[in-house]
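So you can see what is in the structure, the chains are spelled out below.
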Amino acid sequence: MQTRITQLFGIQFPIVQGGMHFVGKAELAAAVSEAGGLGILTALTQRTPADLAAEIDRCRAMTDKPFGVNLTFLPVVNAPDYPGYLRVICEKGIPVVETAGNNPVEHLPALKAAGVKVIHKCTSIRHALKAQDIGCDAVSVDGFECGGHPGEDDVPGLILLPLAAKALSVPFIASGGMADGKSLVAALALGADGINLGTRFVATQEAPVHERVKQAIVAAGERDTRLIMRPLRNTERVLRNPAVDQIIDTERALGDRIRFEDIAEQVAGVYYRIMVDGDVDAGAWSCGMVAGLIDDVPTVRELIDRIVAEAKSITKERLASLF
Ligand SMILES: Cc1cc2nc3c(=O)[nH]c(=O)nc-3n(C[C@H](O)[C@H](O)[C@H](O)COP(=O)(O)O)c2cc1C
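Described in the following lines is the structure provided in the data block. Here the structure is a predicted model, which is why all the values come from computation and not from measurement. (Residues numbered from 1 in each chain as written. Predicted model: local features only at pLDDT ≥ 70, side-chain atom pairs only at ≥ 80, totals over all residues.)

**So, the environment of Asp-64**
Assignment of secondary structure puts Asp-64 in the loop between α3 (49–62) and β3 (67–72). A tally of 9 C-beta atoms within 10 Å means that Asp-64 is categorised as exposed. Expressed as a C-alpha distance, the spacing of Asp-64 and Leu-163, which sit 99 residues apart in the sequence, is 36 Å. (Helix = DSSP H or I, 4+ residues; strand = E, 2+ residues; numbered from the N terminus. Buried ≥ 20, exposed ≤ 12 C-beta atoms within 10 Å, placed from the backbone.)

Below, the structure is given as structure tokens:
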């Protein structure tokens, strides 16, 4: 398969694994890249830039194929050491960075100077256009269905993607709700150059998370996610559990008076307990509606091969026979 995304990133299939806190570690990123997609390490899961450097080395020991690093700009008071992470990314010769959460403009000169390609993940056409204008090489267009932060506009992929195709000249990939070969064909039909998957890659053999996290995704239906933190304008789609119900109760009770501290216990610093210890009810964790389409835990290679084979058969058989 050749699309503008496979050419830009030097990969076999236009399938990208989005950055995921406590999931995007070397085991998963290397497996995705080895299977012909683009794996992505999540910088902020590594406590320090030195830890990220070590994780990059660990990933390189597992694959000689290209992989990227996700850098998420968080709405927090005490910002992580972004310059330090950026330095490591540039020094280590990482070919592509996925930025998310905020406009990456101030970091682009350093990344460009080091020859790093930038794909910015955003949830609206105006932000996608902004990313293109400031010089990002590609955009990841994340629809309302997505796990993680869908933004505040609530526009699903079926509307966002054709709008992106009309508005953008840089390559873009479809993100949010992508699960299988049907997703890939649909994304390409809507004008995208590839797909970005989050939740689907959590439920794979190589994802370095507790088995209970994978089984929670397999067990979940399409109605089992909730949006939290909307009153804080930091909306996140998460899997429903008792901690999430508690957050929603607090949000209802406090209305506009809510502050982050009111829900911090269920949101802040909970990923280790969830992803590593497997205490899936310990707090809120990102999960997309696509959980409703996930009912197994394949290896990454099985998943990617299956996506490509299904996309091929839909295109060559079902669609070709219609005309
Ligand atoms: C468990 C989990 C953690 C995530 N953490 C991050 C993150 O740290 N940074 C980021 O940019 N996106 C993060 N995401 C979003 C994904 O990169 C991707 O955009 C999203 O999952 C796509 O939607 P999907 O889950 O429907 O495939 C996370 C998603 C999940 C499921």
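**Focus on the pairing of strand β7 (residues 172–175)**
Judged by which residues are buried, β7 turns out to be covered on both faces: Phe-172 and Ala-174 on one side and Ile-173 and Ser-175 on the other are all buried. Where strand β6 (residues 138–142) lies against β7, four bridges are found, and the strand directions are parallel. What sits directly across from Asp-142, in β7, is Ser-175. With respect to chirality, the unit in which β6 leads through helix α7 (residues 157–167) into the neighbouring parallel β7 is right-handed. Pairing analysis gives two bridges linking β7 to strand β8 (residues 195–197), with the strands arranged parallel. Note that in β8 the partner of Ser-175 across the bridge is Asn-196. Regarding topology, helix α8 (residues 181–189) serves as the crossover connection from β7 to the parallel β8, and that connection is right-handed. (Pairing = 2+ DSSP bridges. Right-handed = clockwise from strand over helix to strand, strands pointing away.)

**Observations regarding unusual backbone geometry**
One non-glycine residue, Phe-22, adopts positive backbone phi at about 65°. If you trace the backbone, Phe-22 turns up in the loop between β1 (15–17) and α2 (26–34). Its 20 C-beta neighbours within 10 Å are what place Phe-22 among the buried residues.

**Considerations on the packing of α8 against helix α14 (residues 300–319)**
Running from amino to carboxyl end, α8 crosses α14 at an angle of 60°, the nearest separation of the two axes being 7 Å. The angle between α8 and α14 places the two elements in the oblique class. Crossing hand, α8 versus α14: right-handed. Between α8, through Gly-181, Lys-182, Leu-184 and Val-185, and α14, the contact on the second element is made entirely by Arg-306, Ile-307, Ala-309, Glu-310, Ala-311, Ile-314 and Thr-315. Residue classes in the contact of α8 with α14 are distributed as six nonpolar, two polar and three charged. (Axes fitted to C-alpha atoms, helices over the stretch in contact; angles between N-to-C directions. Parallel < 35°, antiparallel > 145°, perpendicular 65-115°, else oblique. Left-handed = near helix turned anticlockwise from the far one by under 90°. Contact = placed C-beta atoms within 7 Å. Nonpolar A, V, L, I, M, F, W, Y, C, P; charged D, E, K, R; others polar.)

**Things to note about the site of the ligand**
Gly-18, Gly-147, Gly-148, Gly-198 and Gly-288 are the nearest of the 30 residues found near the ligand. Those elements that place two or more of their residues in the shell around the ligand are β3, β8 and α9 (199–202). At three residues, α9 tops the list of elements feeding residues into the shell around the ligand. (Near = placed C-beta within 6 Å.)

**Observations regarding the environment of Arg-318**
You can see Arg-318 is positioned in helix α14. As for Arg-318 and Val-170, which are separated by 148 residues in sequence, their C-alpha atoms are 30 Å apart.

**So, helix α11 (residues 242–254)**
Over its 13 residues, α11 extends 18 Å from the first C-alpha to the last, a length consistent with the 18 Å expected when each residue adds 1.5 Å. Taken residue by residue, α11 has Ala-243, Val-244 and Ile-247 as its buried positions. Down the axis of α11, the sector holding all buried residues measures 100°, keeping them to one side. Turned more than 90 degrees away from the buried face of α11, the exposed residues are Pro-242, Asp-245, Asp-249, Arg-252 and Ala-253. Those residues of α11 that are buried are in contact with β9 (225–228), β10 (236–239) and α12 (264–267). Once α11 ends, the next one or two residues include Gly-255, with phi positive near 55°. (Expected span 1.5 Å × (residues − 1). Arc of directions from axis to C-beta.)

**Some words on the packing of α2 against α3**
For any two helices packed against each other, one specifies the crossing angle of their axes together with the interaxial distance. At a minimum axis separation of 9 Å, α2 and α3 run at an interaxial angle of 40°. With respect to their mutual orientation, α2 and α3 come out oblique. The handedness of the crossing between α2 and α3 comes out as right-handed. Contact residues: α2 offers Ala-26, Ala-29 and Ala-30, while α3 offers Glu-55, Arg-58, Cys-59 and Met-62. Class assignment of the residues belonging to the contact of α2 with α3 gives a composition of five nonpolar, no polar and two charged.

**Comments concerning the pairing of strand β5 (residues 117–122)**
In terms of burial, β5 is largely enclosed, as five of its six residues are buried. Note on the crossover from strand β4 (residues 96–100) through helix α5 (residues 108–113) to β5: the handedness is right-handed. Where β5 and β6 come together, four bridges link them in parallel fashion. Looking across to β6, one finds that Cys-122 is bridged to Val-141. Considered for its hand, the β-α-β crossover made up of β5, helix α6 (residues 125–134) and β6 is right-handed.

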